[in-house]
Amino acid sequence: MPRFKLQTGFFAVCIFGISMGVSAQISPDCSTAIPICSNTPVNGGTQGYGLDDFSGAAESGCLEPTQTGFIESNSAWYRFRTGASGQLGFNISFDPSEDWDFALYRATDCNALGDPVRCNFFDNRDQKSFMGVGEDPTGDTSSLQYEPWLDVQPGEEYLLLINNFSNTNSGFAIQFSGEIFTTNPYDALDCSIISNLLGPPVAACQGDVIPLDATTSGAVSYEWFAETGTGFQLLSAETQPTLNVSTPALYRVRILMPDGSQEISDVQVGFSPNPMAEPVSDVSACGANNTFNLASKDPEVLGSQNASDYRISYHNSLLDAQQGRNPLDQTLNLSPGTQTIYVRMTSVENPDCFDATQSFQLEAVQAPLMDFPEEAFICAQGGSAFIGLSQPESGVTYSWDTGETSPGITVTAAGTYSLTATRSGSASDCELIRTVVVSESVAPAIGQIQVDDLQANNTITVVPAVAGDFRYALNGGAFQSDPVFHGVPPGEHQLSMQDALGCGEITETITVVGFPLFFTPNGDVYNQQWEVFGMETLTDPILSIFDRYGKLLVQLNPNTASWDGNYNGRPMPATDYWFRLEYTDSSGQRVEARFLNAHFSLRR
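Residues numbered from 1 in each chain as written. Predicted model: local features only at pLDDT ≥ 70, side-chain atom pairs only at ≥ 80, totals over all residues. Heavy atoms only, no water.

So what's going on with the overall build of the protein chain? Which residues, and what values?
Helix and strand counts for the protein chain come out as three helices and 48 strands. Relative to its length of 604 residues, the protein chain is extended, with a C-alpha radius of gyration of 46 Å against a globular reference of 25 Å. With respect to the principal axes defined by its C-alpha atoms, the protein chain has extents near 145 × 70 × 40 Å. Classification of the 604 residues of the protein chain by burial places 45% in the buried group. Contacts spanning at least 24 positions in sequence make up 63% of the contacts within the protein chain whose residues lie at least 6 apart. Split by element, the accessible area of the protein chain, about 29200 Å² in all, is 47% carbon and sulfur. Averaging the positions of the 25 positive and the 70 negative side-chain charges in the protein chain gives two centres separated by 7 Å. (Helix = DSSP H or I, 4+ residues; strand = E, 2+ residues; numbered from the N terminus. Rg over C-alpha atoms; globule rule 2.2 N^0.38 Å. Buried < 20%, exposed > 50% of the residue type's maximum accessible area, 1.4 Å probe, protein only. Contact = heavy atoms within 4.5 Å. Areas by Shrake-Rupley, 256 points an atom, 1.4 Å probe, with all protein chains shown as cover. Lys, Arg positive; Asp, Glu negative; His and termini not counted. Charge placed at Lys NZ, Arg CZ, Asp CG, Glu CD.)

Mind laying out the environment of Phe70, listing which residues take part and the relevant values?
You can see Phe70 is positioned in the loop between β3 (34-35) and β4 (75-81). It is 6.5 Å that separates the C-alpha atoms of Phe70 and Gly56, two residues lying 14 residues apart in sequence. The residues touching Phe70, leaving out its near neighbours within four places in the chain, are Tyr49, Asp52, Glu64 and Pro65.

Summarise the sheet that holds strand β33 (residues 446-452); cite the residues concerned and give the values.
Strand order across the open sheet formed by three strands is β33-β34-β36, with antiparallel pairing between neighbours. A strand with exactly one partner marks an edge of an open sheet, and here the two such strands are β33 and β36 (484-488). Within this sheet the neighbouring strands show an average axis-to-axis angle of 25 degrees, counted without direction. As paired elements, β33 and strand β34 (residues 458-464) share six bridges and run antiparallel to each other. Among the inter-strand pairings, Val451 is bridged to a residue of β34, identified as Ile460. (Pairing = 2+ DSSP bridges. Axes fitted to C-alpha atoms, helices over the stretch in contact; angles between N-to-C directions.)

Account for the state of the cysteines, with residues named and values stated.
Overall, the coordinates contain four disulfides when judged by the stated rule. The residue that forms a disulfide with Cys30 is Cys110, at a sulfur-sulfur distance of 2.0 Å. Taking the torsion about the S-S bond as the criterion, the Cys30 to Cys110 disulfide, at about -85 degrees, is left-handed. With Cys30 in the loop between β2 (10-14) and β3 and Cys110 in the loop between β6 (100-105) and β7 (118-120), this residue pair connects regions lying 80 residues apart in the sequence. Of the two residues examined, Cys30 and Cys110, each falls in the buried class. Two residues share a disulfide in this structure: Cys37 and Cys191, whose sulfurs sit 2.0 Å from each other. Handedness here is read from the sign of the S-S torsion; for Cys37 and Cys191, about 95 degrees, the answer is right-handed. Here Cys37, found in the loop between β3 and β4, pairs with Cys191, found in the loop between α1 (180-183) and β13 (202-205); they are 154 residues apart in sequence, far enough to count as distant. For Cys191, a relative accessible area of 40% corresponds to the partly exposed category. (Disulfide = S-S within 2.5 Å.)

Outline the environment of Ser142, listing residues and values.
Turning to its location among the elements, Ser142 is positioned in the loop between β8 (130-133) and β9 (146-147). We classify Ser142 as exposed; its relative accessible area is 57%. In terms of polar contacts, Ser142 uses its side chain to reach the side chain of Asp140, at 2.8 Å. (Polar contact = N/O pair within 3.5 Å; in protein donor to acceptor, adjacent residues only side chain to side chain.)

Next up, the structure:
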């Protein structure tokens with residue numbers, strides 16, 4: 001834990017950290033919280049919790065006792081002060097296999113923390129890489145590791161506790177975020193809070209040179225040290241008050257004063273990989289949907305780099321890309337012509353590390369016009385249909401899967417036909433494919449006439465012999481799509497039936513008579529006779545009844561229009577029977593009534 005010791009003419013700041021490649025500036029105690037005013041580099045991890053900053057309390061906001069029995073287990077404390085007003089947040093990044101929690105207090109006194117203003121104690125079973133306040137930098141809006149943005153005012157002081165619950169950790173980094181850093185990029189946080197001679201921890205980018213300035217009035221000499229996991233090593237050639245560094249380490253300066261006293265100050269400097277955006281090819285976007293998915297260019301920008309380490313955004317201007325402002329929606333609405341799209345590739349670990357050197361030309365190519373029907377029909381016998389476009393569009397080429405290259409073709413067979421229309425762009429072609437399903441329309445045919453009601457005005461339903469789209473007319477009336485006719489008197493009628501697509505029309509004579517589907521000649525007073533209704537409307541009708549073997553049992557006429565179920569005085573068995581109705585039509589010809597469901601049952 002940090003120790004602060006003041007002697008005559010001597011001021012020392014000694015930082016204790018865990019050696020994980022680079023030692024870190026961390027403090028396990030609130031009273032010695034590390035002041036920060038910018039992003040921090042990845043530290044070496046936390047170990048232990050120093051003093052119990054909660055005096056044995058059972059909870060603090062969402063925080064509960066850990067495996068130590070106290071709220072803290074492996075803790076790090078930081079403090080910061082706001083320098084402007086606006087929306088503020090932060091991201092804490094860590095290894096996804098580890099479980100971290102945090103609590104943010106608006107307080108200056110560690111003995112009077114109060115309740116945290118933001119707090120997260122969720123376990124990391126989803127193996128997220130970030131937690132914090134605001135928005136997950138990966139765009140994951142479902143993460144349980146994030147709390148709402150803070151609205152801050154200048155001069156507010158905060159204490160931040162970051163605690164490792166899993167007892168295994170490889171450190172973390174803090175990245176500040178929010179609109180406040182756009183409106184006030186240089187004073188969103190108040191750096192006067194930093195009293196350390198070398199300043200707060202430094203999160204830099206690879207390739208940056210970071211100046212460390214230990215200039216002290218009256219100093220006799222300066223010694224610089226670097227600690228990278230094997231203890232502090234003297235940089236013997238460095239004796240100036242400033243040191244330019246470009247490698248990650250915990251740096252220390254020892255200053256000798258004229259009275260023989262010394263002053264020691266440490267600072268952690270970390271370097272994040274610098275993104276290197278790959279060249280992006282120009283593209284001609286097809287305006288079929290009037291949009292273009294910018295994310296489709298991400299693989300080109302990344303090349304072989306890991307997508308989880310970087311964020312990619314697209315902008316209308318180079319300045320916006322350099323400043324990370326006004327990113328375009330991933331689904332970009334296209335405007336006619338060509339526009340330049342500027343690319344920004346940002347490190348997730350350190351948003352200050354970015355590359356905005358790449359851009360590409362996006363040409364919006366007008367999509368070919370393909371507004372013809374996707375269904376067509378041909379008649380079953382020798383029919384044909386025209387499909388596609390009647391006229392070509394300027395600048396567009398056409399290709400059917402049949403090999404034809406005209407915008408429209410005539411087909412004589414059912415099937416699926418596809419047309420590809422192509423308009424050329426400067427970088428790529430705009431190609432649309434439209435498919436037409438051609439179906440065969442069958443000729444109309446009557447299958448059966450169903451008669452309901454058995455009365456003077458009947459309801460009849462025409463049942464087609466084959467499935468299709470048909471229209472119906474009775475006795476020369478208007479055609480209708482409904483196969484049901486109401487108020488039809490018994491007798492002979494003319495039924496016309498036509499295919500809705502023009503594939504034929506027929507007119508048939510139908511006979512409307514009614515009869516029960518069954519009768520029960522068993523001696524009671526119900527359904528003793530099987531009879532036909534409406535025979536009297538026909539000329540010289542004769543109805544013949546047969547058994548299942550075709551044996552004629554009885555013949556009925558208008559004078560004897562019913563059957564009692566007997567044959568030669570003997571009751572017939574309970575089974576199914578069939579009948580045939582013949583009569584003289586209007587031309588004097590003997591005809592058989594067609595389309596009847598000439599079948600009924602005898603039940604006992």
